[in-house]
Amino acid sequence: MILVTGGAGFIGSNFVLDWFNTAANRTEPVLNLDALTYAGNRENLSGLDQQPLHHFIHGDINNQELIAQLLKQHQPRAIIHFAAESHVDRSIHGPGEFIRTNIQGTFNLLQCALDYWRGLPQPQASSFRFLHVSTDEVYGSLGPSDSAFTETTPYQPNSPYSASKAASDHLVRAWHHTYGLPVLTTNCSNNYGPFQFPEKLIPLVMTNALAGKALPIYGDGMNIRDWLYVTDHCSAIRTVLDKGQAGEVYNIGGWNEMPNIEIVKIICQLLDRKSPETAQRAGGTHEQLITYVKDRPGHDRRYAIDANKIARELGWKPAETFASGIEKTVDWYLTHREWVSHVQSGAYRQWIDQQYGSRMSGTRQQGTPQ
Ligand code: NAD
Ligand code: TYD
């Protein structure tokens, strides 16, 4: 059995669904622990309602007693740690939860894992793995001609989110070096795909476009991210779990750097073709809805991942191109309107008011950067 934390969130739920779709893993149970914050959604896992090998536990990674008891009772061979507060803008408004979950929660999980691992007999102790899922944002921001992040790029986190993830990465590293806990760390670029909460760029743009609302572009829209389709991230994590060397870090990326405005225009063009009625309502094309708004404070300019190590050492490469991945994503959001309306709960709407209410008051006319 494996223990997954945060398996009701975007990447975690894709990982668990994909796990049972992969022949090699199909018969191995998953214990899925999630606190069901605003970002956690049991509906993401409804495809597993009839799956007897999926066990969902509603709980917090900060709950030492619960984690210790789950480890003792279920004896997992690995912990795959996704649970986190993950949205940069939320971390700017309220960093406290990021410290509590990303740093203290990871610390608690490491302590519980260490205790459990020390009590394991051989060969289980040698094969046990703690796989920590992290982000490329810990490396900071790149200039236009800087080389992409490698596993040895110094950490320079700039947002409360990336600082909290960097801190958790350091704890994971230290628990390996000091106590010998067999850890693996992955640092991944921006994911997109089904089940992503519509507060992040791609699902926000899609859901706003279909609702005829403004598509808010921060600053000049020329900030660059590397984009990876979520099931490629899932396959990379399975590869690192199977073949990665304990104590090592692996960067995961899609070899697909793009400025935000280009991403938004591609989505608009796909939607123009697939949803002509909303294009009509937007004035002929969804691009009419593009609205430049006040920039994010401390907005990192560019992220780029050098994913050569995982390709060379573990033989992993992404299967999707951006063209194929974004089309699948657009199709998923077009056919899952009910999922979107369910996640757009009262709490989410409050966030939208807080985040965009004041930004929009500094809005310039549509189509021009601020
Ligand atoms: P998400 O916000 O969609 O999901 C996070 C999940 O963690 C939710 O289900 C939430 O309920 C759960 N959670 C939060 N606090 C918890 C706690 N205290 N105890 C237990 N569960 C808790 O995030 P995501 O986008 O799926 O990201 C998953 C992981 O991948 C995170 O660690 C994130 O830093 C990392 N990551 C994300 C991206 C991306 O583009 N989304 C890129 C690189 C790395
Ligand atoms: P986001 O999806 O929040 O991911 P991250 O900040 O972790 O990279 O944002 C992706 C990029 O899109 C980032 O440069 C900020 C920008 N962005 C907008 O321009 N408008 C928006 O409404 C959002 C949410 C993001």
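Residues numbered from 1 in each chain as written. Chains lettered and ligands numbered in written order. Predicted model: local features only at pLDDT ≥ 70, side-chain atom pairs only at ≥ 80, totals over all residues. Heavy atoms only, no water.

### A short note on the pairing of strand S5 (residues 129–135)
No. 1: Among the seven residues in S5, seven count as buried, and that is most of the element.
No. 2: Two strands pair when backbone bridges link them, and strand S4 (residues 78–81) and S5 are joined in this way by four bridges, in the parallel orientation. Residue pairing in the sheet places Ala78 in a bridge with Arg129 of S5.
No. 3: Strand direction decides the pairing type here: S5 and strand S6 (residues 183–188), joined by six bridges, are parallel. Directly across from Val133, in S6, lies its bridge partner Thr186.
No. 4: Handedness of the β-α-β unit built from S5, helix H6 (residues 160–179) and S6 comes out right-handed. (Buried < 20%, exposed > 50% of the residue type's maximum accessible area, 1.4 Å probe, protein only. Helix = DSSP H or I, 4+ residues; strand = E, 2+ residues; numbered from the N terminus. Pairing = 2+ DSSP bridges. Right-handed = clockwise from strand over helix to strand, strands pointing away.)

### A closer look at the sheet that holds strand S3 (residues 54–58)
No. 1: An order of S3-S2-S1-S4-S5-S6-S10 is seen for the seven strands of this open sheet, with the pairing classed as parallel. Two strands in the sheet have a free side with no partner beyond their single neighbour: S3 and strand S10 (249–252). Pairwise comparison of adjacent strand axes, ignoring direction, gives a mean angle of 20° for this sheet.
No. 2: Of the pairings in the sheet, the one linking strand S1 (residues 2–5) to S4 comprises four bridges and is parallel in character. Looking at S4, one finds that Ile2 is bridged to Ala78.
No. 3: Sitting on the sheet, helix H2 (residues 64–74) is in contact with S1, strand S2 (30–34), S3 and S4, with an inclination near 175° to S2.
No. 4: Across the sheet, H6 touches S5 and S6, and the angle it forms with S5 is around 155°. (Axes fitted to C-alpha atoms, helices over the stretch in contact; angles between N-to-C directions. Contact = heavy atoms within 4.5 Å.)

### Structural notes on the side chain of Thr329
No. 1: Within the secondary structure layout, Thr329 lies in helix H12 (residues 322–335).
No. 2: Note on Thr329: relative accessible area 0%, which makes it buried.
No. 3: Setting aside its immediate chain neighbours within four residues, Thr329 contacts Tyr192, Gly193, Ile202, Met206 and Tyr229.

### Concerning empty space enclosed by the protein
No. 1: As enumerated under the stated definition, the model contains one cavity of 30 Å³ or more in all.
No. 2: Every residue along the wall of the largest cavity is listed here: His81, Phe82, Ala83, Ala84, Asn102, Thr106, His132, Val133 and Lys165.
No. 3: Going through the elements one at a time, helix H4 (96–118) and S5 are the ones with two or more residues in the lining of the largest cavity.
No. 4: Partitioned by chemical class, the residues of the lining of the largest cavity number four nonpolar, four polar and one charged. (1 Å grid on protein atoms, 1.4 Å probe; cavity = no way out; pocket = protein on both sides within 12 Å on 5 of 7 lines; lining within 4 Å. Points joined across faces, edges and corners; volume = space filled by probe spheres on them. Nonpolar A, V, L, I, M, F, W, Y, C, P; charged D, E, K, R; others polar.)

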